Amino acid sequence: QKEVEQNSGPLSVPEGAIASLNCTYSDRGSQSFFWYRQYSGKSPELIMSIYSNGDKEDGRFTAQLNKASQYVSLLIRDSQPSDSATYLCAVNQGGSEKLVFGKGTKLTVNP
Amino acid sequence: DAGVTQSPTHLIKTRGQQVTLRCSPKSGHDTVSWYQQALGQGPQFIFQYYEEEERQRGNFPDRFSGHQFPNYSSELNVNALLLGDSALYLCASSLLVGVGQETQYFGPGTRLLVL
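About the criteria used
Residues numbered from 1 in each chain as written. Chains lettered and ligands numbered in written order. Predicted model: local features only at pLDDT ≥ 70, side-chain atom pairs only at ≥ 80, totals over all residues. Heavy atoms only, no water. 1 Å grid on protein atoms, 1.4 Å probe; cavity = no way out; pocket = protein on both sides within 12 Å on 5 of 7 lines; lining within 4 Å. Points joined across faces, edges and corners; volume = space filled by probe spheres on them. Contact = heavy atoms within 4.5 Å. Buried area = accessible area lost by both parts, 1.4 Å probe. Salt bridge = Lys/Arg side-chain N within 4 Å of Asp/Glu carboxyl O. Polar contact = N/O pair within 3.5 Å; in protein donor to acceptor, adjacent residues only side chain to side chain. Helix = DSSP H or I, 4+ residues; strand = E, 2+ residues; numbered from the N terminus. Pairing = 2+ DSSP bridges. Axes fitted to C-alpha atoms, helices over the stretch in contact; angles between N-to-C directions.

Novice: Quick question: what am I supposed to make of empty space enclosed by the protein here?
Specialist: Evaluated as defined, the whole model comprises one cavity of 30 Å³ or more. Of the volumes computed, that of the largest cavity is approximately 40 Å³.

Novice: Would you take a moment to explain the interface of chain B and chain A for this structure?
Specialist: Frequently, the measure chosen for interface size is the accessible area removed from exposure when the parts meet. Across the contact, 25 residues belong to chain B and 22 residues belong to chain A. When the two sides are added together, the surface that chain B and chain A hide from each other amounts to roughly 1800 Å², 52% of it contributed by carbon and sulfur. Linking chain B to chain A there are one salt bridge. Between the two partners, chain B and chain A, sit eight residue pairs in polar contact (both at pLDDT 80 or more). When residues of the side of chain B that touches chain A are traced back to their parent elements, those giving at least two are β4 (31-37), β5 (44-50), β6 (53-57), β9 (87-94) and β10 (105-106) of chain B.

Novice: Can you help me understand the sheet that holds strand β7 (residues 64-68) of chain B in this one?
Specialist: Consider a sheet: its strands pair through backbone hydrogen bonds, and that pairing is either parallel or antiparallel. Residues and elements named next belong to chain B. An order of β1-β3-β8-β7 is seen for the four strands of this open sheet, with the pairing classed as antiparallel. Each having just a single partner strand, β1 (5-7) and β7 make up the two edges of the open sheet. Taking the axes of each pair of neighbouring strands and ignoring which way they run, one obtains an average angle of 20° across the sheet. Alignment of strand β3 (residues 19-24) against strand β8 (residues 74-78), held across five bridges, turns out to be antiparallel. The partner of T20 across the bridge, within β8, is N77.

This is the structure we're talking about:
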């Protein structure tokens, strides 16, 4: 069973701080990695996608991928109360488009 | 540019009944995937449709079936509903460009409650 593990949290940071979310995966054949944000009662919204080792930045968000360590992370700089949500890490099952999700990390940004 | 749409938004059924959920993909997308998300869990893959055929299936019983139409819209059918089928059902659309290269965008979901 291919697995994706996330810190369950909850993670609480003050407004303006950096929030760091982590994810590990078991399938070495995985090629695509995603972070989705899910507000309570809503559906997942794509935040970042990353396909190669290293960092990818988009505004206040930076995704980091290390395939050797089977580790992907999301950094949120200058965290805002509107960033408070559950963040889902998703990884494709090697050789397919099936996404395997972690259980999510609940982030709270305190004003 | 219309995003992924799903209907209905909410549904209440009783055990043993059958339900059909509908999804229209984002404009320009040709692939539809269905996921089940139980409370407090991440979404779980049910199956994916491309060119009106099921391409891949997750670990769900045959009570779960689907269909894709020529206009790329899709239906998810669940027969003989169980209490444990209560969940948020998510449709995700994508453009098939190559294995491991597609990005899936989710619709608003259908919340199903089985009593």
